[in-house]
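Residue-level structural notes
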Amino acid sequence: MRRRSVLTGLGAGAALIGARISARAASPMDLSPLLPEGTRAEAIMDALPGKQPLIKLAFRPPNYETPIDAFAEAITPNDRFFVRYHLAGIPDIADLEKAWSVKIGGDAANKPLEVSLDELQRQFPVVEVEAVNQCSGCRRGLFSPHVPGVQWGYGAMGSAVWRGVRLKDVLARAGVRAGAVEVAFGGADGPVMEGTPDFAKSLPLEKAMDESTIIAFAMNGAKLPHLNGLPIRLIVPGWTGTYWMKHLNEINILSKPFDGFWMQKSYRIPKGMFPVDLPFTTQAEEKTVPITEMVVNSVIGNVPDGSRQPAAGFTIQGVAWDRGHGIKQVEVSTDGGANWKPASLREDHGKYAFRAWRFETGKLQPGAATVMARATSNAGETQAAQLKPNPAGYQNNVPQKIAITLA
Amino acid sequence: MKPLLLASLLLLAAPALADESSIELKPGAGLEQVQAGCSGCHSLDYIQMNSVFLTHDGWKAEVNKMRQAYGAPIDQPMADEIIQYLSAQYGVPPKS
């Protein structure tokens, strides 16, 4: 990490927290009954600066998830997009809006250089990709038995149109030497204790060189929100959010696997448990591999748990996504999974984006009912019927079960 | 530790912050050690969020992870008191 912003950012961060407007009662929380009771007790609706009220799970570092009603549509608005930090040293806006540059180096770079934000925007082809950014730990809080960590519900994710430049174009300017195996990334945020490993990640060279892997400076047509990576962040479509480095200021092209804590000791899953197209071989160990590609998944956005719905019929809306093959089908059940009917897929926003869908229930029997949805990707993968336990609580794609009363 | 960093930590750990001050942990032996040892890096709502499902050994593993992997400034006697507090107030009771 290049530390210039972090120390000054601490004091400013505290001021920023003090200025926050709490909005506990601004909008109802729809918390899953599967969350730990302690999570349900401490979570509140709270508005970070520049954001609508989100579900506060932890104040510092800020971990706030998007309320589930945002997932009835394909695009997640910037001011409702979830916030996730590992470490509390977050630069303030003034530091991030100063002249920005990213250093590109590493032992497998031909000519290390520094590229300013202005140069990024003017000297490289500008591209757009619409893609889902989902935290690896999304739905960790719904694990049974529970596992420690941020107890996320359904909302540690969002999908946006990201505008920026291809990482591979920027890497080419530094010159990628034969023998390069990984590209590592650092951001301006960091730890508050000297003994805490700075947050840094790496990608296999092949993913770094992918056409869709970009350095973004805009999100849904606006600059990146402060707490979503201002002024630039990495976009790694199909892969979980841990690789989407915020406040990007350092890129290193490496001839050896990156040995950072956040690659080798955390964000790991049992080898072979989940499907991938591109194995991260340089970071594989005997029993574990880094979490990389997302699993196929869906969420129902407009039917709150415990709500009353008209037995005469209503519309169920949600989104589905996967690791980049695109969504082939979404099915809905209104009887707890006994019978499934196909939903209508709405406009296709691309293979890495949310695919919005809707389902008209038709007339239903009054009384208690359980609503579910499950998605199938173009790779033929379907959401898991049973949770696949893993120590860190990743890749939970068990269909929601929403209890409603029909009247 | 750098003086500037220390000053910042004290600022962050102060209980006067607007919303963090709303966090209320259960009273009990070891609470002061928890406040002193844990709040330098993170708000204490992390504790309530991760409850109630960890056993004494589960909390011990978390505290050891904070010390060994993340460099929390907690010595062994302090760690013992923190683990005792967390398992007594936010842990799964031992099976009798």
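Treat the numbers as computed from the prediction; the structure is a model and nothing was measured.

In this section: the overall build of chain A. Within chain A, the secondary structure is distributed over seven helices and 26 strands. In terms of C-alpha radius of gyration, chain A reaches 21 Å, essentially the compact-globule figure of 22 Å for 407 residues. With respect to the principal axes defined by its C-alpha atoms, chain A has extents near 70 × 45 × 40 Å. Looking at chain A as a whole, 52% of its 407 residues are labelled buried. In chain A, 70% of the contacts between residues at least 6 apart in sequence involve partners at least 24 apart.

All names here are of chain A. When its domains are assigned, chain A resolves into domain 1 (3–84), domain 2 (93–290) and domain 3 (297–406). Here domain 2 and domain 3 have C-alpha centroids that lie 29 Å from each other. Counting residues at the interface gives 23 residues for domain 2 and 19 residues for domain 3. In terms of residue count, strand 8 (residues 126–134) provides more of the side of domain 2 that touches domain 3 than any other element does, four residues in total. Here the side of domain 2 that touches domain 3 is composed, by residue class, of 13 nonpolar, seven polar and three charged.

This paragraph deals with the environment of P148 of chain A. Relative to the helices and strands, P148 of chain A resides in the loop between strand 8 and strand 9 (157–166). Classification of P148 of chain A by C-beta neighbours within 10 Å gives buried; the count is 21. When the C-alpha atoms of P148 of chain A and P391 of chain A are compared, they prove to be 8.8 Å apart, with 243 residues separating the residues in sequence. Sequence-distant contacts of P148 of chain A, defined by excluding residues within four places in its chain, comprise N50, L54, G58 and E62 of chain B.

Bringing the environment of R355 of chain A into the picture now. All names here are of chain A. By the element assignment, R355 lies in strand 24 (residues 355–360). Spatially, the C-alpha atoms of R355 and A320 are 5.1 Å apart, while their sequence positions differ by 35 residues. When neighbours within four sequence positions are excluded, R355 is seen to be in contact with V319, A320, W321, I327, L345, D348 and H349.

All right, on to the sheet that holds strand 26 (residues 402–406) of chain A then. All names here are of chain A. What the five strands build is an open sheet, ordered 19-26-25-21-22; its pairing is mixed. Two strands bound the open sheet, and with one partner strand each, they are strand 19 (308–309) and strand 22 (341–342). Taken together, the five bridges between strand 25 (residues 367–377) and strand 26 define a ladder with antiparallel strand orientation. Bridging across to strand 26, V371 finds its partner in I402.

It is worth spelling out the pairing of strand 20 (residues 315–321) of chain A at this point. Residue and element names in this part refer to chain A. Of all seven residues making up strand 20, six are buried, and the element is well covered by its neighbours. Pairing geometry for strand 18 (residues 297–300) and strand 20, over four bridges, is antiparallel. Opposite N297, over in strand 20, you have W321 as the bridge partner.

The rules we used
Residues numbered from 1 in each chain as written. Chains lettered and ligands numbered in written order. Predicted model: local features only at pLDDT ≥ 70, side-chain atom pairs only at ≥ 80, totals over all residues. Helix = DSSP H or I, 4+ residues; strand = E, 2+ residues; numbered from the N terminus. Rg over C-alpha atoms; globule rule 2.2 N^0.38 Å. Buried ≥ 20, exposed ≤ 12 C-beta atoms within 10 Å, placed from the backbone. Contact = placed C-beta atoms within 7 Å. Domains from an automatic or database assignment. Nonpolar A, V, L, I, M, F, W, Y, C, P; charged D, E, K, R; others polar. Pairing = 2+ DSSP bridges.

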